[in-house]
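# Summary of structural features
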Amino acid sequence: MTHRDATGSRGTGPDHTERELREALAALADGVRPPPDAYRTARGEWLRRERRRRLVLAVLIAVVFALATLIGLWVLNQAPTDPGVIFSGTGSTAAMPLPRPLP
């Protein structure tokens, strides 16, 4: 860097640099030409990704649902098989009718 560059002489500085950079980038952007079928290709790729995302989500939901069902059935199957005290039918109250409410 020379003394002349550091002094900020006329035609240099942030505004001049910004303008030159903007012009260079505009010229570079003008030279870029997309292929004629670029939109169709990009849209097809996006649709494939969206279908895959939905398929993965549906499979994940099905797996979680099946796993929850299997766990629920396993827990219900772990219940004791012998009848409990409430449903045993033994005792003196089994032959007695239920009391009726008074009017």
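Scroll up to find the structure.
Quick look at the structure, then. Once a new chain begins, its residue numbering starts again from 1 and follows that chain's sequence as written. Per-residue local features of the predicted model are confined to residues with pLDDT of at least 70, and side-chain atom pairs are confined, for both listing and counting, to 80 or more; whole-chain, interface and lining totals are unaffected and use all residues. The side-chain figures draw on all heavy atoms in the structure; neither hydrogens nor water molecules are used.

Attention now goes to the overall build of the chain. Every helix listed is a DSSP run of H or I at least four residues long, and every strand listed is a run of E at least two residues long, numbered separately from the N terminus. Secondary structure summary: the chain contains three helices and zero strands in total. Buried residues are those whose accessible area, probed at 1.4 Å on protein chains only, stays under 20% of the maximum for their type, while exposed residues exceed 50% and partly exposed ones sit between those limits. Residues counted as buried form 2% of the 103 residues belonging to the chain. When the accessible area of the chain is evaluated, it comes to approximately 10,500 Å², of which 65% is carbon and sulfur surface. Residue burial considers only the protein chains on display, and all accessible areas are found by Shrake-Rupley using a 1.4 Å probe.

Whenever Lys or Arg places a side-chain nitrogen within 4 Å of a carboxyl oxygen from Asp or Glu, that contact is recorded as a salt bridge. For the structure shown, the criterion picks out four salt bridges. Between Glu-18 and Arg-22 there is a salt bridge, with the nearest N and O atoms lying 2.8 Å from each other. Note that Glu-18 and Arg-22 are positioned in helix α2 (residues 14-30) at a spacing of four residues, about one turn of the helix. Between Arg-49 and Glu-45 there is a salt bridge, with the nearest N and O atoms lying 2.7 Å from each other. With Arg-49 and Glu-45 both in helix α3 (residues 38-77) and four residues apart, the pair spans about one turn of that helix. Each of Glu-50, Arg-53 and Arg-54 takes part in a single network of salt bridges with overlapping partners.

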